[in-house]
Every structure is written in C-alpha cells, then in structure tokens.
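The lines below spell out each chain.
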Amino acid sequence: MLESPPCSKSEIDIYKNSQIVIGGDSCGGNLALGVISQILHPMKGLTPLNLDGHLAGVLLISPWVNFGEDTPSFTANALKDCLHPPLLREMVETYVADSDRNNYSEPYLAESSWWQSFPAKSVLHLWGEIELLRDSCAEFGGKLSKAGVNVENIECPLHVHVDCILDAQAGLEYGEMATNTWGWLVRVFS
Amino acid sequence: MPPLDGHIKFLKRCVDEIHKARGEEVPIALLQYSMGSVHSELGLCSIWLTNI
C-alpha cells in the first residue's frame, strides 16, 4: 500500500489531505493504522508519507489491533463471535512472523504516546460487544483518547466482529455499527 | 471471515449515504485485491476507483 504505483499517487495528489478519509474493517483497520504509524514514525526503508495537513478522518471498524489471546473477551466471546480462535490463530501465523510483531503491525503494542499528533481531524472507532477483539479494541481506543486523538470509541451492543459487513452480506437490517458509520461519514464530509 | 461482497455492499451504502447528504459523488480508492468484486457489485455506481 505504501509502495503504490506512481500513477496512483498522482491521482491521489489531486485531493487535499483534508478531503481524504482512510479506513477499513478488521485487517483493513490494521492496515489503516499501519499507514498512520508510517506517517507518525517513518520506518527506515519505506517511503515516508509526508502530509501537508491532517486527513479528514480515519474509520476503524473492529480493527485487528491485537494478535494475542490474553484478554477476557477472547475467551468469553469464543462461542458468540463470527471469528473462531483457531482461525484467527492461523491468520496471525500467515500474516506476521513473531519477529515482525511491533507497533506498526500490531497497534495494540504501542503506548498511547505513539499516537500523539495523530494526523486526522476525526477518528471513528467501532467494535462489537460480543466479539473476540472487544477488550483489545476498548483498550486501544483508550490509548487514542489518552494521546489526545479526537476519537469516538463506540462499543456496539450485541454486535459481533464487523457486524455491519455481515448485515450487508446477508441482507439483514443494519445496526448501530452501520448507522454510526454513516452519520460520521456525513459529518466528516460536510 | 465475511465474503468480500459484504464489504463492497456496505461500502456502496456508505457512498450512497454521503451522496444523499452532500449531493456530490465521493471518489474512492481501494486495495487492488477488491477490484473484481467492486465492478460486479457496484454496477453503474459512478464512483472513481484506482489501484492504490
């Protein structure tokens, strides 16, 4: 993502930072935070991302912030969430080597000070009450708040991991995860 | 994990909600891996796409 083709960069360059929202759900949220980390703390060997102003916003839907399993929600919600611990374990092994688990790849590991000067005017951070990552997201959201980030941390009652995506796929009525996202997007782009 | 189509359907709804409120189209850049589903799901939706 950071090494995108030059043509894409020039297309993106026609927009001001203040017009751009980045975001994603689950691993997409992890990637979005990786971009933010690269902006805040450029990693040697990767192209620095120099912004001339804050992004309009960052949207994080059930971001995969923690690869560990040592939170109460990881156990308590194991039979409630759409994510299954063995599957998540396999995904972690596929995605990142132990030696590459750091603040860039696993945002949960970073202290709140890492996120100071967060380059976005607004952040919406949503997660589900009955998902494995609930406690990880809640703790991560607290770190953003402590760092002075303008973040709305919202735990969505009775929602599983990326609930709004599942609703879209199944054609079910949308819940708070979706309506909060839409409301925030409209505010950010107004 | 949810199938990719769910992501695209939700993204389209997000685009529609912003369009409804602003009256303007919203350009979107997506990771390259999702392009196939984008074309099949969004159909005539006039959003701007790129292989970022």
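Up top is the structure these notes are about.
Reading the values: the criteria
Residues numbered from 1 in each chain as written. Chains lettered and ligands numbered in written order. Predicted model: local features only at pLDDT ≥ 70, side-chain atom pairs only at ≥ 80, totals over all residues. Heavy atoms only, no water. Helix = DSSP H or I, 4+ residues; strand = E, 2+ residues; numbered from the N terminus. Rg over C-alpha atoms; globule rule 2.2 N^0.38 Å. Buried < 20%, exposed > 50% of the residue type's maximum accessible area, 1.4 Å probe, protein only. Salt bridge = Lys/Arg side-chain N within 4 Å of Asp/Glu carboxyl O. Pairing = 2+ DSSP bridges. Axes fitted to C-alpha atoms, helices over the stretch in contact; angles between N-to-C directions. Contact = heavy atoms within 4.5 Å. Phe/Tyr/Trp six-rings, centres within 6.5 Å; stacked < 30°, edge-to-face > 60°. Lys NZ or Arg CZ within 6 Å of the ring centre and 35° of its normal. Core = buried A, V, L, I, M, F, W, Y, C linked by side-chain atoms within 4.5 Å.

A. Region of the structure containing the overall build of chain A. Of regular secondary structure, chain A possesses seven helices and four strands. Overall, chain A shows an N-to-C arrangement of helices and strands of α-β-α-β-α-α-β-α-β-α-α. Taking 2.2 N^0.38 as the reference for a compact globule, 190 residues should give roughly 16 Å; the C-alpha atoms of chain A span a radius of gyration of 16 Å, in line with that estimate. Overall, chain A is about 45 × 40 × 35 Å in size when its C-alpha atoms are taken along their principal axes. Every one of the 190 residues in chain A was classed for burial, and the buried ones make up 50%.

B. Layout of the pattern of salt bridges. Throughout the structure, instances matching the rule amount to seven salt bridges over all chains. A salt bridge links Arg134(A) to Asp135(A), with the nearest nitrogen and oxygen atoms 2.9 Å apart. With its nearest N and O atoms 2.9 Å apart, the salt bridge here joins Glu17(B) to Arg13(B). Note that Glu17(B) and Arg13(B) are positioned in helix α1 (residues 4-22) at a spacing of four residues, about one turn of the helix. Glu17(B) gets classed as buried once you look at its relative accessible area, which sits at 14%. For Arg13(B), a relative accessible area of 32% puts it in the partly exposed group. Several salt bridges converge on common partners, so that one network encompasses Arg13(B), Glu17(B) and Lys20(B).

C. Layout of the sheet that holds strand β4 (residues 151-156) of chain A. All names here are of chain A. Strands sit in the order β1-β2-β3-β4 across an open sheet of four strands; the sheet is parallel. Looking at the sheet topology across the chains shown, the edges are occupied by β1 (21-25) and β4. Adjacent strand axes in the sheet meet at a mean angle of 10° when their direction is disregarded. The pairing of strand β2 (residues 57-61) with strand β3 (residues 123-128) spans four bridges and is parallel. Bridged to Val 58 within β3 is Val 123. Contacting β1 and β2, helix α2 (residues 27-40) runs over the sheet at an angle of about 145° to β1.

D. Molecular detail of the packing of aromatic side chains. All names here are of chain A. Counting across every chain of the model gives nine aromatic pairs over all chains. Considering the side-chain rings of Trp 115 and Phe 118, the 6.2 Å spacing of their centres and the 45° angle between planes classify their relative orientation as tilted. When sorted by exposure, Trp 115 lands in the same class as Phe 118, which is buried. By way of ring pairs, the aromatic residues Trp 64, Phe 67 and Tyr 95 are connected into one cluster. In this arrangement the basic side chain of Lys 143 is found over the ring face of Tyr 108, its NZ or CZ atom lying 5.2 Å from the centre.

E. Representation of the nonpolar core. Counting 23 residues, the largest nonpolar core has Ile36(A), Trp115(A), Phe118(A), Val123(A) and Val149(A) as its most contacted members. Secondary structure elements with two or more residues in this core: α2, β2 and α5 (134-146) of chain A. Counting residues per element, this core draws most heavily on α2(A), at six residues. Once residues within four sequence positions are removed from consideration, Trp115(A) is found in contact with Leu33(A), Ile36(A), Ser37(A), Leu40(A), Pro107(A), Ala110(A), Phe140(A), Leu144(A), Ala147(A) and Val149(A). Residues Ile61(A), Ile165(A), Met177(A) and Ile18(B) belong to the second largest nonpolar core, which totals 22 residues.

F. Broad picture of unusual backbone geometry. Residue and element names in this part refer to chain A. Positive phi, close to 65°, is recorded for Ser 117, a residue that is not glycine. By the element assignment, Ser 117 lies in the loop between α4 (85-95) and β3. Positive phi, normally seen in glycine, also occurs at Val 162, with a value near 40°. With respect to the secondary-structure elements, Val 162 resides in the loop between β4 and α6 (163-170). Judged by relative accessible area, Val 162 falls into the buried class, the value being 0%.

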